Amino acid sequence: VTKETIWKSTSRNIALRSKGASMPIILNGNVYIARDNGSISSNNLLDGTLNWFSIISSRSGRNDLESQRDAEMSITVDNNRLYYGHFQGELNSLDISTGQIIWSSPFSFINDILIKNNSIYGSTTDNYLVSIDQSSGFLNWKSLKSDEQLTQPFIIDDIVMVFTTDGTLVGFTKDGTHIYEKKFDFDIHPQTKFIVKKNKLYFQTLDGDIVHLLITI
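Residues numbered from 1 in each chain as written. Predicted model: local features only at pLDDT ≥ 70, side-chain atom pairs only at ≥ 80, totals over all residues. Heavy atoms only, no water.

### Focus: the environment of Phe109
Working step 1: Within the element layout of this structure, Phe109 appears in the loop between β8 (101–105) and β9 (114–116).
Working step 2: For the pair Phe109 and Thr124, spaced 15 residues apart in sequence, the C-alpha separation works out to 4.9 Å.
Working step 3: Among all residues touching Phe109, those that are not within four sequence positions of it are Met73, Gly85, His86, Phe87, Leu91, Gly122, Ser123, Thr124, Thr125 and Val130. (Helix = DSSP H or I, 4+ residues; strand = E, 2+ residues; numbered from the N terminus. Contact = heavy atoms within 4.5 Å.)

### So, unusual backbone geometry
Working step 1: The backbone of Asn28 shows a phi angle near 50 degrees, a positive value even though the residue is not glycine.
Working step 2: As for its position among the elements, Asn28 is in the loop between β1 (25–27) and β2 (30–34).
Working step 3: Even without glycine at this site, Asn118 takes up a positive phi of about 65 degrees.
Working step 4: With respect to the helices, strands and loops of the structure, Asn118 is situated in the loop between β9 and β10 (119–123).

### Points about the layout of surface pockets
Working step 1: Approximately 260 Å³ is the volume found for the largest pocket.
Working step 2: Along the walls of the largest pocket sit 15 residues, with Leu144, Ser146, Val170, Phe172 and Glu181 positioned nearest its centre.
Working step 3: Elements with a minimum of two residues in the lining of the largest pocket: β15 (168–172) and β16 (178–183).
Working step 4: A total of three residues in the lining of the largest pocket trace back to one element, the largest contributor, which is β15.
Working step 5: For the lining of the largest pocket, a count of residues per class yields six nonpolar, six polar and three charged. (1 Å grid on protein atoms, 1.4 Å probe; cavity = no way out; pocket = protein on both sides within 12 Å on 5 of 7 lines; lining within 4 Å. Points joined across faces, edges and corners; volume = space filled by probe spheres on them. Nonpolar A, V, L, I, M, F, W, Y, C, P; charged D, E, K, R; others polar.)

### Looking at the side chain of Ser42
Working step 1: When you line up the elements, Ser42 lands in strand β3 (residues 39–44).
Working step 2: Given a relative accessible area of 1%, Ser42 falls into the buried group.
Working step 3: Non-local contacts of Ser42, meaning those with residues more than four positions away in its chain, are made with Asn30, Val31, Tyr32, Thr49, Leu50, Asn51 and Trp52. (Buried < 20%, exposed > 50% of the residue type's maximum accessible area, 1.4 Å probe, protein only.)

### Things to note about the sheet that holds strand β19 (residues 210–214)
Within a beta sheet, neighbouring strands are joined by backbone hydrogen bonds and run either parallel or antiparallel to one another.
Working step 1: Pairing is antiparallel across the open sheet formed by three strands, whose spatial order is β17-β18-β19. Each edge of the open sheet is held by one strand with a lone partner, namely β17 (195–197) and β19. In this sheet, neighbouring strand axes are inclined to one another by 15 degrees on average, regardless of whether the strands run parallel or antiparallel.
Working step 2: Where strand β18 (residues 200–204) lies against β19, five bridges are found, and the strand directions are antiparallel. The residue bridging Gln204 from the neighbouring strand is Ile210, located in β19. (Pairing = 2+ DSSP bridges. Axes fitted to C-alpha atoms, helices over the stretch in contact; angles between N-to-C directions.)

### Structural notes on the packing of aromatic side chains
Working step 1: On inspection of all chains with the given rule, the structure shows twelve aromatic pairs.
Working step 2: Centroid distance Phe163 to Phe194: 5.9 Å. Interplanar angle 15 degrees. Geometry classified as stacked. Taken together, the positions of Phe163 in strand β14 (residues 159–163) and Phe194 in the loop between β16 and β17 put the pair 31 residues apart, joining distant regions of the chain.
Working step 3: Classification of Phe163 by relative accessible area gives buried; the value is 0%.
Working step 4: An angle of 50 degrees between the planes, with centres 5.3 Å apart, marks the rings of Phe163 and Phe203 as tilted. Of this pair, Phe163 sits in strand β14 while Phe203 sits in strand β18, and the two are 40 residues apart along the sequence. With respect to class, Phe163 is no different from Phe203; both count as buried.
Working step 5: One aromatic cluster is present, formed by Phe154, Phe163, Phe184, Phe186, Phe194 and Phe203 through successive ring pairs.
Working step 6: If you follow Lys142 out to its NZ or CZ, it ends over the ring of Tyr128, 4.3 Å from the centre. (Phe/Tyr/Trp six-rings, centres within 6.5 Å; stacked < 30°, edge-to-face > 60°. Lys NZ or Arg CZ within 6 Å of the ring centre and 35° of its normal.)

Here's what the structure looks like:
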């Protein structure tokens, strides 16, 4: 057993940083990671050679708080495009081979996006559920502003659904029509992960309870 470090990619300390970096993903012999400096990069898995480095959310603001670009969400890859957005930044679509930005959409996220049928669904940090065209980055629709934070969206029976953190479940058709709303007695973290099996939903509450819901529309 050896303790030799094969390679490492370093990052400078950022004021008020939360996580430092996203969870890295490995794909086709490369490692992709987003950092709290507003960047995302690709390194060769074997030797750490930098393939590309892109600043996708510039750190700008009147103070350190306004300049935060936390790497909260997970990296998403679909059809050779990489999708990522920093807190207080923008959602970006990048060419996974070169890191070139294809489009940017002016929405900030801290939880994961969902891609289905050329639409990107996500819950913004200012409490909107949005649908974005995957090809162009243009906004398809957005919900009314919620009084509570929203979780990441999920789809059941072709209905785009999202919880508020006080346990209200709302649902929208693919064109943004609000067709479902029900209040449950749950306290939910905005970054809660959901498991969907057809019309069955599994997740954990802030109290540590494991919940299994049968959703009927």
